[in-house]
Amino acid sequence: MDVRVRFAPSPTGFLHLGGVRTALFNWLFARNEGGKFLLRIEDTDKERSEKRFEDDILQNLEWLGIVPDEPIIRQTDRLDAYEKFLKQLLEENKAYYCFCSSKELEEEYQAQLSQGIIPKYSGKCKNISKENLEIKLKSSSAVIRLKMPERIISFSDMIRGKVEFDTKLFGDIIIAKGLREPLYNLAVVVDDEEQRITHVIRGEEHLSNTPKQIVIQEALGFPLVTYAHLPLILGADKKKLSKRFLTNSLSDYKNKGYLPSAVLNFLVLLGWHPKEDREVLSIFEMVNEFAIKRVQKAGAVFNPEKLDWLNFMHIRAMDSEELSKNLIPFVPTDWLSDSAKFNRSVIISKDRLKNLCDFQNDSKFIFTLPEYKVETIPWKDTTQQDAIKNLKNILDLIKNEIDENFPSTELKDAILKFADEEGRGNVLWPLRTALSGMESSPGPTDLLYVLGRAESIERINIALRKLEVSS
RNA sequence: GGCCCUAUCGUCUAGUGGCUAGGACAAUGCCCUUUCACGGCAUAAACAGGGGUUCGAUCCCCCUUGGGGCUACCA
């Protein structure tokens with residue numbers, strides 16, 4: 001049978017790292033097995049579901065390249081199906097209406113607690129007579145409960161092995177607030193059947209929902225599915241990342257300049273590891289090597305430093321044209337007016353970029369020479385006169401340069417030869433500071449390359465003027 | 001409280017009934033070097049505790065402890 005998996009987020013918050021990881025593992029499993037990956041929006045909670053959250057989830061998944069193989073379905077579009085199966089359960093006497101108010105339920109719960117009994121629903125609405133039921137349904141609101149068979153539910157989890165629960169502890173759970181208001185456990189089971197899902201891969205927080213869903217599947221006569229419960233992603237406090245905290249929403253990472261491949265690489269390593277000691281993986285490699293048997297059981301704390309490093313590695317692995325494209329949203333539009341210069345600036349900073357966001361700050365000096373003090377120009381304890389002399393010499397070398405490919409190898413060699421004669425720091429430091437206006441920057445030949453001949457000359461002249469005025 | 005899951009360096013992890021317990025991030029030091037990065041080379045850093053099983057346990061079993069999840073008319 002072909003593998004069919006799904007990611008089923010509820011649009012009650014922005015897409016967050018934990019959700020992406022679940023989606024990723026499903027997607028990788030499907031790709032690796034040659035199966036299908038589906039997407040389902042679980043929007044049965046009308047109070048908390050919002051369109052903007054759904055949009056956020058969809059947009060970000062697309063940005064990551066995790067796209068479904070079949071049309072997306074929404075639970076609010078499937079009310080007829082839930083109603084049908086709810087009626088079936090009611091008719092077969094596997095479920096019943098419950099009229100208890102939340103106040104009554106709360107009192108019952110507290111009473112059980114104080115008596116030291118395991119709290120669960122007493123089942124007092126189970127045996128309401130037909131006539132009474134019809135009268136009550138007209139006058140008061142009712143929820144639908146499943147008659148929970150009392151037995152041990154056992155299933156084999158692909159990651160955890162055999163897991164057992166005693167349903168006796170659950171009581172008759174509520175599966176719907178009304179015929180057209182299903183609750184999570186019912187809706188999931190009905191939709192997984194509709195989408196012919198073979199493997200349910202989801203976060204560990206759902207482990208204790210699984211026996212309830214198995215009971216519903218059995219009551220409905222649905223085939224069983226295989227489960228895999230992923231370890232949770234934990235914050236620094238070891239608590240699970242929750243969608244209710246905006247801090248880990250994926251858009252934040254996107255906006256900070258993390259690459260999709262880096263985010264995915266980082267997330268795949270949280271709970272999974274390839275056979276060898278490689279950690280920097282392309283998406284292609286992740287798909288090829290993913291194996292659910294190698295998924296970890298314990299929760300994983302995520303550390304942002306490793307994400308930064310992976311992002312750095314993925315940026316380096318990218319070709320510079322591709323990187324330029326990715327950088328466009330992160331720079332002021334006027335940088336783009338000289339596209340050749342922009343491309344050169346990308347080339348020289350490609351190997352020093354931790355994220356796309358840094359580029360603007362790191363490269364600002366290329367597009368606008370910053371204000372700087374004359375004291376920064378001379379090297380260590382050399383004099384301003386030394387700096388003037390050396391810069392003038394270099395200026396001559398540059399002016400004599402006729403090669404169109406600026407700076408030519410000859411020019412670079414000439415500068416280096418001169419620097420060796422005069423002392424490297426004594427020549428290269430003033431050159432670099434004159435070109436960049438900065439205490440730290442890429443090397444002088446990179447700067448000549450990115451600025452071009454005319455602007456290089458101009459900047460050296462500016463430095464010379466500063467030096468001459470102050471001496 | 002109850003139920004369930006879980007346990008190797010600070011973090012992510014590899015690993016096996018017998019290993020000097022391996023790698024990566026981060027940290028520290030040194031080297032490279034005109035600066036900042038990069039890179040190179042080192043250093044420090046872990047099998048939670050207690051019982052078993054065994055000739056031998058980090059690895060298998062049990063208990064304890066720690067951590068986490070669930071315990072909604074949320075998902």
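One can find the structure itself at the top, above this paragraph.
Here we summarise the structure given alongside this text.

Quick notes on the rules
- Residues numbered from 1 in each chain as written.
- Chains lettered and ligands numbered in written order.
- Predicted model: local features only at pLDDT ≥ 70, side-chain atom pairs only at ≥ 80, totals over all residues.
- Heavy atoms only, no water.
- Near = heavy atom within 4 Å.
- Polar contact = N/O pair within 3.5 Å; in protein donor to acceptor, adjacent residues only side chain to side chain.
- Helix = DSSP H or I, 4+ residues; strand = E, 2+ residues; numbered from the N terminus.
- Nonpolar A, V, L, I, M, F, W, Y, C, P; charged D, E, K, R; others polar.
- Axes fitted to C-alpha atoms, helices over the stretch in contact; angles between N-to-C directions.
- Parallel < 35°, antiparallel > 145°, perpendicular 65-115°, else oblique.
- Contact = heavy atoms within 4.5 Å.
- Pairing = 2+ DSSP bridges.
- Phe/Tyr/Trp six-rings, centres within 6.5 Å; stacked < 30°, edge-to-face > 60°.
- Lys NZ or Arg CZ within 6 Å of the ring centre and 35° of its normal.
- Expected span 1.5 Å × (residues − 1).
- Bend = angle between axes of the 7 residues up to and from the residue.
- Salt bridge = Lys/Arg side-chain N within 4 Å of Asp/Glu carboxyl O.
- Buried < 20%, exposed > 50% of the residue type's maximum accessible area, 1.4 Å probe, protein only.

### Focus on the protein's contact with RNA strand B
Then, in step 1: In the neighbourhood of RNA strand B, 60 residues make up the surrounding shell, with Thr-44, Asp-45, Arg-160, Lys-239 and Arg-424 lying closest.
Then, in step 2: The separation between a phosphate oxygen of RNA strand B and a polar main-chain atom of Tyr-184 is 2.7 Å.
Then, in step 3: Side-chain polar atom of Glu-279 to a sugar or linking oxygen of RNA strand B: 2.7 Å apart, as the coordinates give it.
Then, in step 4: Taken together, the elements giving at least two residues each to the surface near RNA strand B come down to β7 (161–166), β8 (174–178), β13 (300–301), α11 (304–317) and α17 (424–436).
Then, in step 5: Its residues assigned to classes, the surface near RNA strand B shows 22 nonpolar, 15 polar and 23 charged.

### Focus: unusual backbone geometry
Then, in step 1: A cis amide bond links Phe-406 to the next residue, Pro-407, at an omega of -10°.
Then, in step 2: We note that Lys-238 has phi near 70°; this positive angle belongs to a residue other than glycine.
Then, in step 3: Turning to its location among the elements, Lys-238 is positioned in the loop between β12 (233–234) and α8 (250–256).

### Considerations on the packing of α17 against helix α18 (residues 444–470)
Packed helices, taken two at a time, are described by their axes: the angle between them and the distance between them.
Then, in step 1: At a minimum axis separation of 8 Å, α17 and α18 run at an interaxial angle of 85°. Taken as axis vectors, α17 and α18 run roughly perpendicular relative to one another. Between α17 and α18, the residues in contact are Leu-428, Leu-431, Arg-432, Ala-434, Leu-435 and Ser-436 and Pro-444, Leu-447, Leu-448, Leu-451, Ser-456, Arg-459, Ile-460 and Ala-463, respectively.
Then, in step 2: The residue inventory of the contact of α17 with α18, partitioned by class, reads 10 nonpolar, 2 polar and 2 charged.

### Structural notes on the pairing of β8
Then, in step 1: By the bridge criterion, 2 bridges tie strand β5 (residues 143–146) to β8 in an arrangement that is antiparallel. Among the inter-strand pairings, Ile-144 is bridged to a residue of β8, identified as Ala-176.
Then, in step 2: Note that β8 and strand β9 (residues 181–182) share 2 bridges and pair antiparallel. Bridge pairing links Ala-176 to Pro-182 in β9.
Then, in step 3: Hairpin connection of β8 to β9: 2 residues between the antiparallel strands.

### Section: the sheet that holds strand β2 (residues 36–41)
Then, in step 1: Pairing is parallel across the open sheet formed by 3 strands, whose spatial order is β1-β2-β3. Strands with a single pairing partner mark the edges of an open sheet, and in this sheet they are β1 (4–7) and β3 (73–74).
Then, in step 2: In the packing of helix α1 (residues 17–33) onto the sheet, contacts are made with β1 and β2, and the angle to β1 comes to roughly 165°.
Then, in step 3: On top of the sheet, helix α2 (residues 51–64) reaches β1, β2 and β3; it is set at about 160° to β2, its chief contact.

### A closer look at the packing of aromatic side chains
Then, in step 1: In the structure shown here, the tally under the stated rule is 12 aromatic pairs.
Then, in step 2: Three or more aromatic residues joined by ring pairs make a cluster, and in this case those are Trp-335, Phe-342, Phe-359 and Phe-367.
Then, in step 3: Lying over the aromatic face of Phe-170, Lys-212 brings its terminal NZ or CZ to 5.1 Å of the ring centre.
Then, in step 4: Positioned above the aromatic ring of Trp-429, the side-chain terminus of Arg-432 is 4.7 Å from the ring centre.

### Concerning α18
Note on helix geometry: an α-helix contains 3.6 residues per turn, so any two residues three or four positions apart are oriented the same way.
Then, in step 1: Taking 1.5 Å per residue as the helical rise, α18 with its 27 residues ought to reach 39 Å, whereas the 24 Å between its terminal C-alpha atoms falls clearly short.
Then, in step 2: By the largest-angle criterion, Gly-452 marks the main kink of α18, which is about 115°.

### Topic: the side chain of Ser-261
Then, in step 1: In this fold, Ser-261 is placed in helix α9 (residues 260–268).
Then, in step 2: Within polar-contact distance, the side chain of Ser-261 engages the side chain of His-314 at 2.8 Å.
Then, in step 3: If we skip the residues at most four places from it in the chain, Ser-261 touches Ile-283, Met-286 and His-314.

### Topic: the sheet that holds β5
Then, in step 1: Across the sheet, which stays open at both edges, the 4 strands sit in the order β4-β5-β8-β9 with antiparallel pairing between neighbours. Only two strands of the sheet have a single neighbouring strand rather than two, namely β4 (95–98) and β9.

### Re the pattern of salt bridges
Then, in step 1: The full count for this structure, using the stated rule, is 36 salt bridges.
Then, in step 2: Notably, a salt bridge pairs Glu-83 with Arg-180, separated by 2.6 Å at the nearest N-O pair. Here Glu-83, found in helix α3 (residues 79–91), pairs with Arg-180, found in the loop between β8 and β9; they are 97 residues apart in sequence, far enough to count as distant.
Then, in step 3: With its nearest N and O atoms 3.3 Å apart, the salt bridge here joins Asp-166 to Lys-168.
Then, in step 4: Among the charged side chains, a network of salt bridges with common partners joins Arg-6, Arg-40, Glu-42, Arg-78, Asp-191, Asp-192 and Glu-194.

### Quick word on the side chain of Ser-324
Then, in step 1: In this fold, Ser-324 is placed in helix α12 (residues 320–327).
Then, in step 2: Here Ser-324 falls in the buried class, since its relative accessible area comes to 6%.
Then, in step 3: If we ignore the near neighbours within four places in the chain, the residues touching Ser-324 are Phe-342, Asn-343 and Val-346.

### Considerations on the packing of α3 against helix α6 (residues 184–194)
Then, in step 1: Where α3 meets α6, the axes come as close as 10 Å, and the angle between the chain directions of the two elements is 110°. Compared by their axis directions, α3 and α6 come out roughly perpendicular. For the pair α3 and α6, the contacting residues are Ala-81, Tyr-82, Phe-85, Leu-86 and Leu-89 in the first and Leu-186, Ala-187, Val-190 and Asp-191 in the second.
Then, in step 2: Split by residue class, the contact of α3 with α6 holds 8 nonpolar, no polar and 1 charged.

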